[in-house]
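What the coordinates show
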Amino acid sequence: MKTSIRIGTRGSKLALWQANHVADQLAAAGLTPEIVIITTKGDVVLDRSLDKIGAKGVFTEELEEGLRTGHVDIAVHSAKDVQSSIPADLELLAFMERERVNDVIVSFDPNLDLQRPDLVLGTSSTRRKAMLRRFLPHATTAEARGNLQTRLRKLEEGQYHGLVLAYAGVHRMEYDKLIRHVLPETQYVPATGQGSVAIECARSLDPELKAHLRRSLDHPATHACLATERAFLRTMEGGCSIPSFALATLSADGQHVQLHGGLISLDGQEFIEEAQTAPVAQGEALGVRVAENVLARGGQQILDSIRRERSEA
Ligand SMILES: NCc1[nH]cc(CCC(=O)O)c1CC(=O)O
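Residues numbered from 1 in each chain as written. Predicted model: local features only at pLDDT ≥ 70, side-chain atom pairs only at ≥ 80, totals over all residues.

The chain carries the name Hydroxymethylbilane synthase in an unreviewed UniProt entry, which gives Hymenobacter sublimis as its organism. Here is the UniProt Sequence similarities (unreviewed entry) comment for the chain, exactly as written: "Belongs to the HMBS family." (UniProt positions renumbered as here; feature names shortened; annotations may be inferred.)

Below you can see the structure in the form of structure tokens.
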């Protein structure tokens, strides 16, 4: 088995934090990691919101090409950015231990009042925009693309009063001091995979090496939750441009998985949610079932109307 591992990653600071985190764990497991930066479409196209770029996998495609050509052995992604179905010649090898899943509001104003009537919040996520329309209807949202540092610069320039971000990224970049509100995950249910790091490789990678990598990097409890959430997302046929949400958690004894999943209309008016529990071994079936119920209870109409709106735009 070879021991030197080439780790493919995007070049943003958060991506590099994740890649270094992987490298540290691989070094601890006796391997020799090397980080290789690969630029993706999502890093280059910054003037459009993600739903307008359209293509699935805007943050992953070039990394996947690197796996195919053997330029890198593994690719590191924010699990949230990984499309719901990955190509047949590739596989998701591991999901690393999840950080706190919440969305947070960061601001340079220590007394940021979410009730101020002129509140402007920066986000480019369709899910977050829709949830803000529902739970903070007086707020206006403004686009905030780019990496975390770019968004914080726009915040500092006064383009918004606050930014809505994933706690995981804010914490990993050590901006905790700017967190003014932690949004409750029961209301602002996070996106599939939020807070975890996914490791992808080619199916053809040496099986012995794969097993070693999995033992070093995979967090089984996180993996069980993400498998459940990803089955939900696949059934929803949603990429990151669909305002669906899904959070799976394990019971204290680790035997059961609970899934809270749903879909919200772009205007925030319709909020279809469902929570169900199943034995961990049936997590994927649970994800499919919850998604099918959400679609049957009005979710399909929401998806259809979003697609109509987009094709007219
Ligand atoms: N789509 C961008 C993205 N992908 C992963 C994270 C944050 C870190 C994570 O959820 O693991 C972010 C930024 C954000 O949502 O604030």
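Read on for the rest.
The number of helices and strands found in the chain is 10 helices and 13 strands. Since a compact globule built from 313 residues should have a radius of gyration of about 20 Å, the 19 Å found for the chain is in line with a globular shape. Seen along its three principal axes, the alpha-carbon backbone of the chain occupies a region of about 60 × 45 × 40 Å. The buried share of the chain, taken over its 313 residues, is 44%. A sequence separation of at least 24 residues applies to 71% of the contacts in the chain between residues at least 6 apart. (Helix = DSSP H or I, 4+ residues; strand = E, 2+ residues; numbered from the N terminus. Rg over C-alpha atoms; globule rule 2.2 N^0.38 Å. Buried ≥ 20, exposed ≤ 12 C-beta atoms within 10 Å, placed from the backbone. Contact = placed C-beta atoms within 7 Å.)

Moving on: helix H6 (residues 148-156). Turning to H6, its buried residues are Leu 148, Arg 151, Leu 152 and Leu 155. Buried positions in H6, seen along its axis, are confined to an arc of 100° and lie on one side of it. Exposed and facing more than 90 degrees away from the buried side of H6 are Gln 149 and Arg 153. Contacts made by the buried residues of H6 are with helix H1 (13-28), strand S6 (120-122), strand S8 (162-166) and helix H7 (167-172). Looking one or two places after H6, you find Gly 158, whose phi comes out positive at around 95°. (Arc of directions from axis to C-beta.)

Time to look at the environment of Arg 214. Structurally, Arg 214 can be placed in helix H8 (residues 207-217). With near-sequence residues (within four places) excluded, Arg 214 lies in contact with Leu 93 and Ala 94.

Core analysis: the biggest nonpolar cluster contains 74 residues, and Ile 7, Val 22, Ile 74, Val 76, Leu 163, Ile 199 and Phe 232 have the highest contact counts within it. Ranked by the residues each element gives to this core, the list is headed by helix H10 (residues 283-312), at 7 residues. When sequence neighbours within four positions are dropped, the list of residues in contact with Leu 163 reads Val 106, Leu 121, Gly 122, Thr 123, Ala 144, Arg 151 and Leu 155. (Core = buried A, V, L, I, M, F, W, Y, C linked by C-beta atoms within 7 Å.)

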